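# Descriptive analysis of the structure
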Amino acid sequence: MRAHPAGPLHGGMTPPPSVGLPPADLGALDAQVWPRSAERVDGELHLGGRPVTELAREHGTPLFVLDEGDFRGRAADFAAAFDDADVHYASKAFLCGQVARWVAEDGLHLDACSGNELALALAAGFPAARIALHGNNKSPVELQLAVDAGIGHVVLDSFDEIDRLVPLAAARVAAGGAPVPVLIRTTVGIEAHTHEFIATAHEDQKFGFSLATGDALTAAVRVIREPALRLTGLHSHIGSQIFDTAGFEAAAHRVVGLLGQVRQATGEVLGELNLGGGFGIAYLPDDDPVGPADVARRLRTVVAAECAALDLPVPRLAVEPGRAIAGPGTVTLYEIGTIKPVRLGSGGQGAPQVRNYVSVDGGMSDNIRTALYDASYTCVLANRTSDAPPALCRVVGKHCESGDVLVRDLWLPADVQPGDLLAVAATGAYCWSMASNYNYLLKPPVVAVRDGVATEVVRRQTLADVFALDAVLADVPAPAVAPSQPAPEHAAGVTT
Ligand SMILES: Cc1ncc(COP(=O)(O)O)c(C=O)c1O
């Protein structure tokens, strides 16, 4: 166990750093990892044509800075690579009204994983026909919203859900509406992550209908016989942060096999095959994800070959990238507060090894991924460059939790100091969307930058927002400036 509430870990912490040698240039911005618009101008990091010190002064820290050109550029890359398929943006990675509008304008589809994500997308004007609703425990209210809105697909995940959806769909049909289009989510027994995948006969997890037990076929047959539902195809999602297409190819093999079984059992030839998301991104300079064009080529080839082997027509493909669209274009800016050198023992020649704990003004409440998944991030000193020698650092948050780590091991210039700005790269996916109010820290704002213009697309949560939910405090005035966050005008790196 890595984290322990409010206490030291002692035996749980591995002292020797696993960080490797310092890079030649500690301030370098690797193009794989940083947003497309990131550049250094007179030493300072600029994003979307805006200097980070100005962004911090205007919006405070912690701050999510979203490079609009990067986000939309990656969406466009997927759309171009899959021009004969449907690209669904998996909105759980990051969703707000502005993002929903970009995705709508750019012609992609959108996946929602809850009724509230669906409601948000609809409220932003996203075309219902291009939305799919996922989830392993959709409530009747969520399903009713989907039916009433006329969304593109409900992705069926259990027999209970079929039972819940049928009466709602039947009521729509009785009122003169069309049957509800659905996909069946299959669990194909493939679990993929980065370069490895495991193929098993069955999967011990909560999503979907198992292929191995026959549940997926049973569900398909049942839905095909249900007049209020229209089964358009099958769905599979095999994991996340995948760098290699082999897992997708193995999954495609199995799920196309099910298309064949469905045809044999019912005579129906299903026309859609959604192979899910999970395409990896570079969090570190050495990461080597596959680009959308390569993924598209491989998937097309495999599906075509599998269909030819079964004498099936090739279905229309769909994919659901979330991280690969939202992840790389966003950077989190933090202000450094406390720096604490901690002795780790002896280095090679008996010299003491020291790790600097660099504390910033956010932490696991705005990025839980390091604590939760042992995720790796990189960061740079953002308000300036420095010629100081490298120092071994660990970037930590301000939460009362020893596992509150943002960047586990990295080299920063030895002269980093309180008041400097740190920028953590590739925080666009599953950071703001998984943010919490732990220790009553407030959710940071998201600022979109493009061509020198910064627009707040999500404002900072205030203490008044939080007090308003509290039965005792709802009418008590909250401090205008939350004590836990520096006021924007005091934000880091902007004093000189
Ligand atoms: C069904 C489904 N589709 C798409 C995604 C998006 O995954 P990623 O952001 O890794 O592309 C997920 C994520 O877990 C998912 O569960």
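This text follows the structure it describes.
Source: prediction; values computed, not measured. (Residues numbered from 1 in each chain as written. Predicted model: local features only at pLDDT ≥ 70, side-chain atom pairs only at ≥ 80, totals over all residues. Heavy atoms only, no water.)

## So, the side chain of His399
Along the chain, His399 turns up in the loop between β20 (390-396) and β21 (405-413). Reaching out from His399, the side chain makes a polar contact with the backbone oxygen of Tyr438 at a distance of 3.5 Å. Aside from chain neighbours lying at most four places away, what touches His399 is Gly362, Gly363, Met364, Ser365, Asp404, Tyr438, Asn439 and Leu441. (Helix = DSSP H or I, 4+ residues; strand = E, 2+ residues; numbered from the N terminus. Polar contact = N/O pair within 3.5 Å; in protein donor to acceptor, adjacent residues only side chain to side chain. Contact = heavy atoms within 4.5 Å.)

## Notes on the packing of helix α4 (residues 115-123) against helix α5 (residues 140-149)
Look at α4 against α5: their axes get within 9 Å of each other, and the N-to-C directions meet at 30 degrees. If you check the angle between α4 and α5, you find them roughly parallel. In this structure, α4 crosses over α5, and the sense of that crossing is left-handed. Residue-level contacts link Gly115, Leu118, Ala119 and Leu122 of α4 to Glu142, Leu145, Ala146 and Ala149 of α5. (Axes fitted to C-alpha atoms, helices over the stretch in contact; angles between N-to-C directions. Parallel < 35°, antiparallel > 145°, perpendicular 65-115°, else oblique. Left-handed = near helix turned anticlockwise from the far one by under 90°.)

## Comments concerning the sheet that holds strand β1 (residues 39-41)
Adjacent strands of a sheet form backbone hydrogen bonds with each other and so pair up, either parallel or antiparallel. Across the sheet, which stays open at both edges, the 3 strands sit in the order β1-β2-β3 with antiparallel pairing between neighbours. Looking along the sheet, the strands with just one partner apiece sit at the ends: β1 and β3 (50-51). As paired strands, strand β2 (residues 44-47) and β3 are joined by 2 bridges and run antiparallel to one another. Pairing of Leu47 across the sheet is with Arg50, part of β3. (Pairing = 2+ DSSP bridges.)

## Some points on the pattern of salt bridges
Note that side chains of opposite charge can pair when their charged atoms are close. Under the criterion given, the structure shown has 22 salt bridges. The salt bridge partner of Asp294 is Arg297, with a shortest N-O separation of 2.2 Å. Of this pair, Asp294 and Arg297 both sit in helix α9 (residues 292-310), separated by 3 residues, roughly a single helical turn. Relative accessible area serves as the criterion here: at 34%, Asp294 is assigned to the partly exposed category. On the basis of relative accessible area, Arg297 is assigned to the partly exposed category, the value being 48%. (Salt bridge = Lys/Arg side-chain N within 4 Å of Asp/Glu carboxyl O. Buried < 20%, exposed > 50% of the residue type's maximum accessible area, 1.4 Å probe, protein only.)

## As for the packing of aromatic side chains
For any pair of aromatic rings, the description rests on two quantities: the centre-to-centre distance and the angle between the ring planes. Scanning all chains against the criterion turns up 8 aromatic pairs. On the basis of an interplanar angle of 75 degrees and a centroid distance of 5.0 Å, the ring pair of Phe159 and Phe209 is categorised as edge-to-face. In this pair, Phe159 is assigned in helix α6 (residues 159-174) and Phe209 in strand β12 (residues 209-210), connecting sequence segments 50 residues apart. (Phe/Tyr/Trp six-rings, centres within 6.5 Å; stacked < 30°, edge-to-face > 60°.)

## Some remarks on the state of the cysteines
Throughout this description, disulfide means a covalent bond between two cysteine sulfur atoms. Applying the stated criterion across every chain yields a total of 0 disulfides. Cysteine Cys113 remains unbridged, with the sulfur of Cys96 as its closest cysteine sulfur at 16 Å. A relative accessible area of 28% places Cys113 in the partly exposed class. The thiol sulfur of Cys379 is not disulfide-bonded, and the nearest other cysteine sulfur, from Cys393, lies at 8.2 Å. Assessed through its relative accessible area of 3%, Cys379 is described here as buried. (Disulfide = S-S within 2.5 Å.)

## Examining unusual backbone geometry
At the junction of Thr61 and Pro62, the peptide bond is cis and its omega measures out at -10 degrees in the coordinates. As for its placement among the helices and strands, Pro62 is situated in the loop between α1 (52-59) and β4 (63-67). Of note in this structure, Ala426 is not a glycine but carries a positive phi near 60 degrees. Locating Ala426 in the fold gives a position in the loop between β22 (421-424) and β23 (446-450). You can call Ala426 buried: its relative accessible area is 0%. One non-glycine residue, Tyr440, lies in the positive phi region at around 55 degrees. Structurally, the position occupied by Tyr440 is in the loop between β22 and β23. Taking relative accessible area as the criterion, Tyr440 reaches 54% and is therefore assigned exposed.

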